[in-house]
Amino acid sequence: MYTDVIKELEKDMKKSIVSYQEELKNIRAGRANPSLLDNISVEYYGTMTPINQVATINVAEARLLTIQPWDNSVLGEIEKAILKSNLGITPSNDGKIIRLPFPALTEERRKDLAKLVKEYGEKAKVAIRNQRRDAMDRVKKMEKNSEISEDELRNAEEDIQKTTDKFTEEIDKIAKNKEAELMEI
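In short, a report on the structure. Remember, predicted model here, so these are calculated numbers, not experimental data. (Residues numbered from 1 in each chain as written. Predicted model: local features only at pLDDT ≥ 70, side-chain atom pairs only at ≥ 80, totals over all residues. Heavy atoms only, no water.)

Looking only at helices and strands, one finds four helices and six strands in the protein chain. When the helices and strands of the protein chain are placed in sequence order, the string is α-β-β-β-β-α-β-β-α-α. Against the compact-globule benchmark of 16 Å for 185 residues, the protein chain has a radius of gyration of 22 Å, which places it well outside the compact range. Projecting the C-alpha coordinates of the protein chain onto the three principal axes gives extents of approximately 70 × 40 × 20 Å. Buried residues in the protein chain amount to 37% of all 185 residues. Of the roughly 11,100 Å² of accessible surface on the protein chain, 46% is carried by carbon and sulfur atoms. Taking the 32 positively charged and 35 negatively charged side chains of the protein chain as two groups, their mean positions are separated by 3 Å. (Helix = DSSP H or I, 4+ residues; strand = E, 2+ residues; numbered from the N terminus. Rg over C-alpha atoms; globule rule 2.2 N^0.38 Å. Buried < 20%, exposed > 50% of the residue type's maximum accessible area, 1.4 Å probe, protein only. Areas by Shrake-Rupley, 256 points an atom, 1.4 Å probe, with all protein chains shown as cover. Lys, Arg positive; Asp, Glu negative; His and termini not counted. Charge placed at Lys NZ, Arg CZ, Asp CG, Glu CD.)

See below:
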């Protein structure tokens, strides 16, 4: 009976992990990564459109992205959108292609980004703990309403804790990998 609660808890915790990974994509590690442009949209024939739907984005070198629009009339809009986006990168436009050179990160900036990774990780862990609390409340209510026995309640609480520990460890592992990527020169 309580297995439905556990399944729903796992589903919610997986969403928290995915959300955390999406936040980490926006932290640039000094390498060119096309996913940094995923949240940037340009006005294209009166509609806000993601850059990757109006142009080809390539990683030309380890620290260089190239953006080649399919329609050259949108070149200026792409450049403006990148400048507004707070990426901290100045695009260079040659009339056909926009180049995004990624400068090497300073040691201080790397440490700041590593702190940001930890901060996002703590937020994700808080979300997971809140989901654990909600699941615990649900199984306690089930026991109070005589839907499950005390033994089943104890088993449910153990399973909920094991699930929480598993997802917390996964967040720690993701954070550790991202920090290692940031500190890599």
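Taking 1.5 Å per residue as the helical rise, helix α1 (residues 3-25) with its 23 residues ought to reach 33 Å, and the 33 Å between its terminal C-alpha atoms agrees with that figure. Val-5, Ile-6, Leu-9, Met-13, Ser-16, Ile-17, Tyr-20 and Leu-24 are the residues of α1 that are buried. (Expected span 1.5 Å × (residues − 1).)

A few words now on helix α3 (residues 107-144). For α3, spanning 38 residues, the distance from its first C-alpha to its last is 55 Å, which sits close to the expected 56 Å at 1.5 Å a residue. At the C-terminal side of α3, Ser-146 shows a positive phi close to 60°.

Tyr-20, Leu-24, Ile-27, Val-117, Val-139 and Ile-160 are the most contacted members of the largest nonpolar core, which has 28 residues in total. For this core, the element with the most residues is α3, which contributes nine residues. In this view, Val-117 contacts Tyr-20, Leu-24, Ile-27, Ala-175, Lys-178, Glu-179 and Leu-182; residues no more than four positions away in its chain are not counted. Residues Ala-32, Leu-37, Ala-55 and Ile-78 belong to the second largest nonpolar core, which totals 21 residues. (Core = buried A, V, L, I, M, F, W, Y, C linked by side-chain atoms within 4.5 Å. Contact = heavy atoms within 4.5 Å.)

Here we come to the environment of Asp-165. Relative to the helices and strands, Asp-165 resides in helix α4 (residues 150-183). A residue is classified by how much of its surface remains accessible, and Asp-165, at 35% relative accessible area, is partly exposed.

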